[in-house]
Each structure stands twice: as structure tokens, then as C-alpha cells.
Amino acid sequence: MTRTPRRARTARALLAVAGITALTAGLAACGGDSLEKSGGGDSSTKPGQESLVIGSASFTESKVLAEIYAGLLKDAGYSTSIKTVDARELYEPALEKGQIDVVPEYAATLAEFLNKKQNGKDAPPVASADAEATVKALRKLAEPRGLTVLDPGRAVDQNAFAVTAEFAKKHQLKTLSDLGKSQESVKLAAGDECSQRPFCQPGLEKTYGIRVAGIDPLEVGSTQAKQAVKEGKDQLLLTTTTDATLEQFGLVLLEDDKKLQNSDNVLPVVNKEKAGSQKIAEALGRLSRVLTTADLTELNKKVDAERLKPADVAARYLKEKKLLTK
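Residues numbered from 1 in each chain as written. Predicted model: local features only at pLDDT ≥ 70, side-chain atom pairs only at ≥ 80, totals over all residues. Heavy atoms only, no water.

## Points about the side chain of aspartate 157
The condition is simple: Secondary structure elements follow DSSP: runs of H or I of four or more residues count as helices, runs of E of two or more count as strands, with numbering from the N terminus. Relative accessibility decides the category of a residue: with a 1.4 Å probe and only protein chains considered, values under 20% of the type maximum give buried, values over 50% give exposed, and everything between is partly exposed. We define a polar contact as two N or O atoms separated by no more than 3.5 Å, with the added condition that, inside protein, one atom must be a possible hydrogen donor and the other a possible acceptor, whereas residues neighbouring each other in sequence contribute only through side-chain atom pairs.
Within the element layout of this structure, aspartate 157 appears in the loop between β5 (147-149) and β6 (159-164). On the basis of relative accessible area, aspartate 157 is assigned to the buried category, the value being 0%. A distance of 3.1 Å separates the side chain of aspartate 157 from the side chain of threonine 242, its partner in a polar contact.

Here it is as C-alpha cells:
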């Protein structure tokens, strides 16, 4: 059940587009055996020292965030270890059971996951472009499950659309509204589900009046998709706001100025019984007050483009932002 970091990141992006998919038989078959220990964190425990398990999904951004969480919690006096888990369908139940204590999450995506889990796959959406309302809805769903949603920060990783810098300059594009007003017909490099998803083709057409000529069914934000847009085979790319490699392909994001996408602010979610203390909230809150979307993009870039290790990138960020007290 192991995916590469890119495929795992793609899966998260698709969840944000789709809202949530039903729990598949394959995932169910994996059960708890898919919880894999990682070498991150500090697994040595001193006498009387509390130990915390931090969960990480298997894409770059989640791995870096988990390492940063580990650094902050170690600084607060905890022993930490990191478990890398392939899919939310697996790590969320582990968080409820206390097999995992803390996990970096995304407000809108988790809200819709829990909404569908509790109310069925056809439940009306609870997430929106309003960050405050989305987090409120998420907390309402999380609390009965023994989960505490800590305060979100400014950093957002949500679906986004990009064009080449040349195409943007030629048609004077800075926003998705500009693209709609230009009446340029575009072929969209995106997952094949895009034609049915409200935050993808239907949303682009209804909200922005963008003329989508067709979908090139490529993996979301993949090298192949970016290359297709760079070469002009396609004109619009579905990716995420923290994609670290756009510049390498001469691509630029168009602003979602009418807030088509839901607010996927980054935030910590903890098991209330094991990690619901004010001390832990304060330690992780130091990151939420500082981390920006631009920071996330740069952190991803250092791993995906510069090939640095997530643990090293996290340690450098903690030092640069002076987030450690010791």
C-alpha cells in the first residue's frame, strides 16, 4: 500500500477536489498494518518523560511538517517518534484510537472527510472558502471522536491553477477572472475526475466563465502535466498553492480571486486524551503563528528540488524562525 511521495501528494490534492472518496476495500484490507515507523523525531525516552507519536502522510509537505512538530515538542520536553501512514483513511482512525497522538492536517479536506464519514458520502458540504467557518465545522465533527483541532495559521495548501508565464503575459492574466474575461479556450491538465468535480472544470466554467476545451487526464501536478503545459499541448494546470517546482517549468499561479477553492489551512489535530494539553497547544501554536504559504512552498522546494532531507529542512526552519526555546 506504499505510494511515492508525489503520488501521495496527488492523492491529497484529489481529495480536496473531490471532497472525499469512500473507504475502499483495499484500504480496509490494509488495516493497522500500514502504520509504518519512520526514523524521524527522537525515540529515546528519559525517565518520567512523556512520549508522543506524530503522524505523517507520505508526501513531502506532511513529512516536513511532522519533523517540525517533532522539533517543537522535543523542545517542550517530550520524547517524539514519527509514523508515516499512506492514507487519511488509515491514519485518522489511528489518531482516534491514540495510536497516533498528533498529525498535521488541512482544515477543509479533513472537515469533508469527517463529514462524509459521519453523515454519508452524499452529505451536504460543510467546508467553504471561509476559514473560520470551516474550522468551526471541523471542530464540531472532530470533538465527538476524541480529537482536538488546534488553531490554524496563515499557511494554506489548496488546489490552484497555473499557466505559463508567457501565456499570462500575452493575455494579461493575473487571476482566474482575467482568464475568464479573455475568452481564451484552454485545455486543462488535471485528473480525469476534474470534469465532474465542483472545484475543477464545473467551478472554473460557472464561477469564472473560463472556456475549458477539454481535460488532459494526467496526474495532478505531475512532471508530465507541467511539461504538457510548458510545451503548449495544454494551457492550464491543476496543481496546489505550495507546488515548489512551477518555476522550473516557467509556470505561474493564477489567483483564485473569487474563492472557488475551500480553505485548506494547515493546522495540528491531536488526540484529546493523550495530547490535548495546553502545553502541547502552545508548542505547536508557535509554528501556526509564523508559517506562511510561501514558507511551505520553500520547504517543499528544498526537499523536492534541492533533494535535502525533511528532517534537515525542518531543523533549519526552526532555527531560522527562532521557534525553539532551548
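## What about unusual backbone geometry?
In this structure, lysine 259 is a non-glycine residue whose phi angle is positive, near 55 degrees. What makes lysine 259 exposed here is its relative accessible area of 55%. Phi at arginine 307 takes a positive value of approximately 60 degrees, unusual for a residue other than glycine. If you trace the backbone, arginine 307 turns up in the loop between α13 (293-304) and α14 (310-320). On the basis of relative accessibility, which here comes to 67%, the residue arginine 307 falls in the exposed class.

## Focus on the packing of aromatic side chains
What counts is decided by this rule: Each pair of aromatic rings taken from Phe, Tyr and Trp, with Trp reduced to its six-membered ring, is defined by centres within 6.5 Å and is described as stacked if the planes are under 30 degrees apart, edge-to-face if over 60, and tilted in the remaining cases. Two limits define a charge over a ring: the Lys NZ or Arg CZ must be within 6 Å of the ring centre, and within 35 degrees of the ring normal.
In the structure shown here, the tally under the stated rule is 1 aromatic pair. Judged by centre distance (6.4 Å) and plane angle (35 degrees), the rings of phenylalanine 59 and tyrosine 106 are tilted. Highlighted residues: phenylalanine 59 in the loop between β2 (51-56) and α3 (60-75) and tyrosine 106 in strand β4 (residues 102-106), separated in sequence by 47 residues. When its relative accessible area of 2% is taken as the criterion, phenylalanine 59 is described as buried. Above the face of the tyrosine 78 ring, lysine 279 is positioned so that its terminal group lies 5.0 Å from the ring centre.

## Some thoughts on α13
At 3.6 residues per turn, the α-helix brings residues three or four places apart onto the same side. Test applied: Here the expected length of a helix is defined as 1.5 Å per residue gap, with one fewer gap than residues.
In this model α13 runs 16 Å from its N-terminal to its C-terminal C-alpha over 12 residues, within 8% of the 16 Å that 1.5 Å per residue would give. Turning to α13, its buried residues are Asp295, Leu296, Thr297, Leu299, Asn300, Lys302 and Val303.

## So, the pairing of strand β3 (residues 79-84)
We count it as follows: Following DSSP output, two strands are said to pair if at least two bridges run between them. With its strands directed away from the observer, a crossover is right-handed exactly when the path from the first strand over the helix to the second travels clockwise.
Across the 6 residues of β3, 6 count as buried, placing the element largely inside the fold. Burial of β3 is two-sided: the residues Ser79, Ser81 and Lys83 facing one way and the residues Thr80, Ile82 and Thr84 facing the other way are all buried. Here 6 bridges tie β2 to β3, and the two strands are oriented parallel to one another. Bridging across to β3, isoleucine 54 finds its partner in isoleucine 82. At this point the chain moves from β2, through α3, to the parallel β3, and the crossover so formed is right-handed.

## Describing the state of the cysteines
Put simply, the rule is: The disulfide criterion is simple: two cysteine sulfur atoms within 2.5 Å.
The tally for this structure, following the rule as stated, stands at 1 disulfide. Disulfide partner of cysteine 194: cysteine 200, at an S-S distance of 1.9 Å. With the S-S dihedral at roughly -90 degrees, the linkage between cysteine 194 and cysteine 200 falls on the left-handed side. Grouping residues by exposure puts cysteine 194 and cysteine 200 together as buried.

## Re the sheet that holds strand β7 (residues 185-190)
Filter applied, for reference: Lines fitted to C-alpha atoms define the axes, with helix axes restricted to the stretch in contact, and inter-axis angles between N-to-C directions lie between 0 and 180 degrees. By definition, residues are in contact when any of their heavy atoms lie within 4.5 Å.
Spatial ordering of the open sheet is given by β8-β7-β9-β6-β10, a layout of 5 strands whose pairing is mixed. Each end of this open sheet is capped by a strand with a single partner; those strands are β8 (211-217) and β10 (251-254). Averaged over all neighbouring strand pairs, the angle between strand axes comes to 40 degrees, with direction disregarded. Bridge count for β7 against β8 is 6 bridges, and the pairing is parallel. Within β8, the residue paired with valine 186 across the bridge is valine 212. Set on the sheet, helix α9 (residues 201-208) makes contact with β6, β7, β8 and β9 (236-240); between it and β8 the angle comes to about 165 degrees. Running at roughly 145 degrees to β9, helix α10 (residues 223-230) makes contact with β6, β7, β8, β9 and β10 of the sheet.

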